[in-house]
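Listed below are the residues making up each chain.
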Amino acid sequence: MTPRWTTAVLDTDQPGGWAVARSPEGFLFDDNGALFPREWLKRQDLAILAEHGIGHLDGEPVYLLELRAHSEVPGCNWKGLRAFMLEGDHTVFKVLGYAAQIGTWAREHRFCGNCGQAMIQVPRERAMYCQPCDLRSYPRISPSMIVLVTRGDEVLLARSPRFVAGVYSTLAGFAEPGESAEDCLIREVREEVQIEVKNVQYLGSQCWPFPHSMMLGFHAEYAGGEIVCQEDEIEDAQWFNVHDLPPLPASRSIARYLIDVYVARRLGHAEPVLPG
Ligand SMILES: NC(=O)c1ccc[n+]([C@@H]2O[C@H](COP(=O)([O-])OP(=O)(O)OC[C@H]3O[C@@H](n4cnc5c(N)ncnc54)[C@H](O)[C@@H]3O)[C@@H](O)[C@H]2O)c1
Ligand SMILES: [Mg+2]
Ligand SMILES: [Zn+2]
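Remember, predicted model here, so these are calculated numbers, not experimental data.

A.B. asks: Kindly report on the sheet that holds strand β8 (residues 120-121), identifying the contributing residues and their values.
C.D. replies: Spatially, the three strands line up as an open sheet ordered β8-β9-β10, and their pairing is antiparallel. Two strands lie at the open edges of the sheet, namely β8 and β10 (135-137), each paired on one side alone. Pairing of strand β9 (residues 128-130) with β10, which is carried by three bridges, proceeds in the antiparallel orientation. What sits directly across from Cys130, in β10, is Leu135.

A.B. asks: Quick one: what's the story with the coordination of the magnesium ion (ligand 2), residue by residue and with numbers?
C.D. replies: The textbook angles at a metal center are 109.5 degrees for a tetrahedron of four donors and 90 or 180 degrees for an octahedron of six. Distances from the magnesium ion (ligand 2) to its protein donors, Ala172 (O) and Glu192 (OE), fall at 2.1 to 2.2 Å. A residue pair is termed long-range when its members are at least 10 positions apart, and Ala172 in strand β13 (residues 171-174) and Glu192 in helix α4 (residues 181-193) qualify at 20 residues. Ala172 gets classed as partly exposed once you look at its relative accessible area, which sits at 30%. By relative accessible area, Glu192 is classed as buried at 6%.

A.B. asks: For the coordination of the zinc ion (ligand 3), give the residues involved together with the corresponding values.
C.D. replies: Protein-derived ligands of the zinc ion (ligand 3) are Cys112 (SG), Cys115 (SG), Cys130 (SG) and Cys133 (SG), with the metal-ligand distances lying across 2.3 to 2.4 Å. The site at the zinc ion (ligand 3) holds four donor atoms, and with the angles between them running 103 to 117°, its shape is tetrahedral. Mapped onto the polypeptide sequence, the residues donating to the zinc ion (ligand 3) form the spacing pattern C-x2-C-x14-C-x2-C. Classification of Cys112 as buried rests on a relative accessible area of 4%.

A.B. asks: Outline the domain arrangement of the protein, supporting the account with residue identities and numerical values.
C.D. replies: Looking at the assigned domains, one finds that the protein contains domain 1 (5-108) and domain 2 (142-267). Relative placement of domain 1 and domain 2: their C-alpha centres are 32 Å apart. Three residues, Arg82, Met85 and Gln101, lead the burial of domain 1 against domain 2; their summed loss comes to 53% of the area buried on that side. At the junction of domain 1 and domain 2, the tally comes to zero salt bridges. The interface formed by domain 1 and domain 2 holds two residue pairs in polar contact (both at pLDDT 80 or more) in total. Taken together, the elements giving at least two residues each to the side of domain 1 that touches domain 2 come down to α2 (81-86) and α3 (90-108).

A.B. asks: Tell me about the pairing of strand β6 (residues 60-67), and name the residues and values.
C.D. replies: Of all eight residues in β6, six are buried, a share of seventy percent or more. In the sheet, strand β5 (residues 48-57) pairs with β6 via eight bridges, with the strands oriented antiparallel. Directly across from Ala50, in β6, lies its bridge partner Glu66. Between the antiparallel neighbours β5 and β6 lie two residues, among them Asp58 with a positive phi of about 50°.

A.B. asks: Residues and numbers for the UniProt feature "binding site: a divalent metal cation 1" (unreviewed entry) in the protein, please.
C.D. replies: Mapped onto the present numbering, the UniProt feature "binding site: a divalent metal cation 1" (unreviewed entry) falls on Ala172, Glu192 and Glu233. A maximum C-alpha distance of 10.9 Å places the annotated residues, which cover 62 residues in sequence, within one compact spot. Filtering the just-named annotated residues for those lining the largest pocket gives Ala172, Glu192 and Glu233. When sequence neighbours within four positions are dropped, the list of residues in contact with Ala172 reads Met145, Ile146, Glu188, Glu192 and Met215. Dropping the residues within four chain positions of it, Glu192 is found in contact with Leu171, Ala172, Val228, Cys229, Gln230, Glu233 and Ile234.

A.B. asks: Could you give an account of the layout of surface pockets, with specific residues and numbers?
C.D. replies: A water-sized probe, rolled over the atoms, reveals where empty space remains. Within this model, the largest pocket holds a volume of roughly 990 Å³. Lining the largest pocket are 33 residues, with Arg82, Arg162, Phe163, Ser169 and Trp208 positioned closest to its centre. Every element with two or more residues in the lining of the largest pocket is listed here: α2, β11 (142-151), β12 (154-159), β13, α4, β14 (196-208), β15 (213-224) and α5 (254-267). For the lining of the largest pocket, the leading source of residues is β13, giving four residues. Tallied by class, the residues present in the lining of the largest pocket amount to 19 nonpolar, eight polar and six charged. The space that makes up the second largest pocket amounts to roughly 370 Å³. Looking at the lining of the second largest pocket element by element, the count peaks at six residues for α3. Along the lines of polarity and charge, the residues of the lining of the second largest pocket split into nine nonpolar, six polar and three charged. Each of domain 1 (5-108) and domain 2 (142-267) accounts for three or more of the residues forming the lining of the second largest pocket.

So, how was this worked out
- Residue indices follow the written sequence of each chain, beginning from 1 at its first position.
- Both sets of labels track the order of writing: A upward for chains, 1 upward for ligands.
- pLDDT decides what is reported in this predicted model: residues at 70 or higher carry local features, side-chain atom pairs at 80 or more are listed and counted, and totals for whole chains, interfaces and linings draw on all residues regardless.
- As a convention, hydrogens and water are excluded, and side-chain values are obtained from all of the structure's heavy atoms.
- Pairing between strands is defined by DSSP: at least two bridges between them are needed.
- Put simply, DSSP H or I for four residues or longer makes a helix, DSSP E for two residues or longer makes a strand, and each gets a number counted from the N terminus.
- Only nitrogen, oxygen and sulfur atoms qualify as donors, provided they sit within 2.8 Å of the metal or within 3.2 Å for Na, K and Ca; with water excluded from the atoms, sites may seem incomplete.
- When accessible area is computed with a 1.4 Å probe and restricted to protein chains, residues below 20% of their type maximum are described as buried, those above 50% as exposed, and intermediate ones as partly exposed.
- In this scheme the shape depends on donor count and angles: four donors with every angle between 85 and 135 degrees give tetrahedral, four or six donors with opposite pairs above 155 degrees and others between 65 and 115 give square planar or octahedral in turn, and any other case is irregular.
- An automatic or database domain assignment provides the domain bounds reported here.
- Reported buried area values correspond to the accessible surface (1.4 Å probe) lost by two parts on association, with both partners' losses combined.
- We define a salt bridge as a side-chain nitrogen of Lys or Arg found within 4 Å of a carboxyl oxygen belonging to Asp or Glu.
- Definition of a polar contact: a pair of N or O atoms within 3.5 Å, with one able to donate and the other able to accept a hydrogen when the atoms are protein atoms, and with sequence-neighbouring residues admitted only if both atoms are side-chain atoms.
- UniProt positions are given in the numbering used here, feature names are shortened, and annotations may be inferred rather than shown by experiment.
- Here a cavity is any set of points on a 1 Å grid over the protein atoms alone where a 1.4 Å probe fits but cannot get out, and a pocket is any open set with protein on both sides within 12 Å along at least 5 of 7 lines; a residue lines the site when it has an atom within 4 Å of a point.
- Whether two residues touch is decided by their heavy atoms; if any such pair falls within 4.5 Å, the residues are in contact.
- Grid points are joined across faces, edges and corners, and a volume is the space filled by probe spheres set on the points.
- Any residue outside Ala, Val, Leu, Ile, Met, Phe, Trp, Tyr, Cys, Pro, Asp, Glu, Lys and Arg is labelled polar, Gly included; the first ten of those are nonpolar and the last four are charged.

Okay, here's the thing in structure tokens:
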């Protein structure tokens with residue numbers, strides 16, 4: 001099946017297509033959603049910082065208008081990316097997630113990190129370029145490990161102080177230079193709860209555009225230790241029985257997928273599908 005959404009580097013000199021507008025307040029939307037006829041959107045009073053051609057949705061070109069600040073557009077409102085993840089069309093969320101990552105990266109790479117001079121967008125390539133340094137900067141992706149640790153009928157779930165009240169999730173953390181995915185996972189579990197794991201198994205991955213994580217999802221078995229929560233990072237961590245789980249993360253997250261897969265296997269139910 002052809003995917004509805006494919007990324008591409010489009011020429012912004014071409015007219016037409018759809019556009020999304022992103023400001024520090026999130027994405028612009030109205031009753032029809034977050035995609036607007038591009039020519040109409042560009043006629044509105046918007047503080048445009050940059051325009052990027054980002055791909056095709058159902059065969060139609062899509063552009064991003066990255067704004068310096070949010071503006072009032074009659075009949076429209078602004079909404080954060082997370083809200084689009086939680087509700088509405090998943091393909092539109094993927095478009096907006098990609099747009100957010102490109103917008104953030106281009107905004108943060110307007111100047112060369114080596115010499116400080118202005119960089120230019122490379123035509124037909126997703127890169128910012130500094131001519132004097134001959135330096136190209138590509139969109140940043142941050143590999144992050146996420147793991148469900150289990151012990152028979154029990155799963156290890158934890159709360160960060162940043163979570164919605166009551167919600168428990170799997171452990172996660174960013175890879176550091178010099179680490180393999182497995183090294184990172186073992187270190188993160190040790191740091192966050194002082195538990196040792198074994199039989200690490202990769203299950204799948206998910207783009208997590210908050211702001212640019214690439215989540216690599218694993219299952220691991222408990223090998224030893226008692227839970228000791230890392231100060232500041234982990235508010236609480238517990239072993240939960242698969243028959244008595246606390247409020248869990250959003251159904252489109254890989255964290256939820258890892259939990260649902262294990263519970264399904266344990267209870268002999270059909271396995272869920274990982275949202276792309
Ligand atoms: N999709 C999901 O289901 C899901 C679930 C849980 C976490 N996540 C994501 O996983 C990522 C990592 O999880 P975490 O917040 O527990 O990480 P973590 O345990 O490594 O701790 C966060 C700390 O890492 C540092 N940090 C921030 N950005 C970094 C980067 N790009 N590279 C290296 N270090 C960085 C900061 O000091 C920050 O306080 C986050 O983006 C989080 O949103 C996704
Ligand atoms: Mg963490
Ligand atoms: Zn430079």
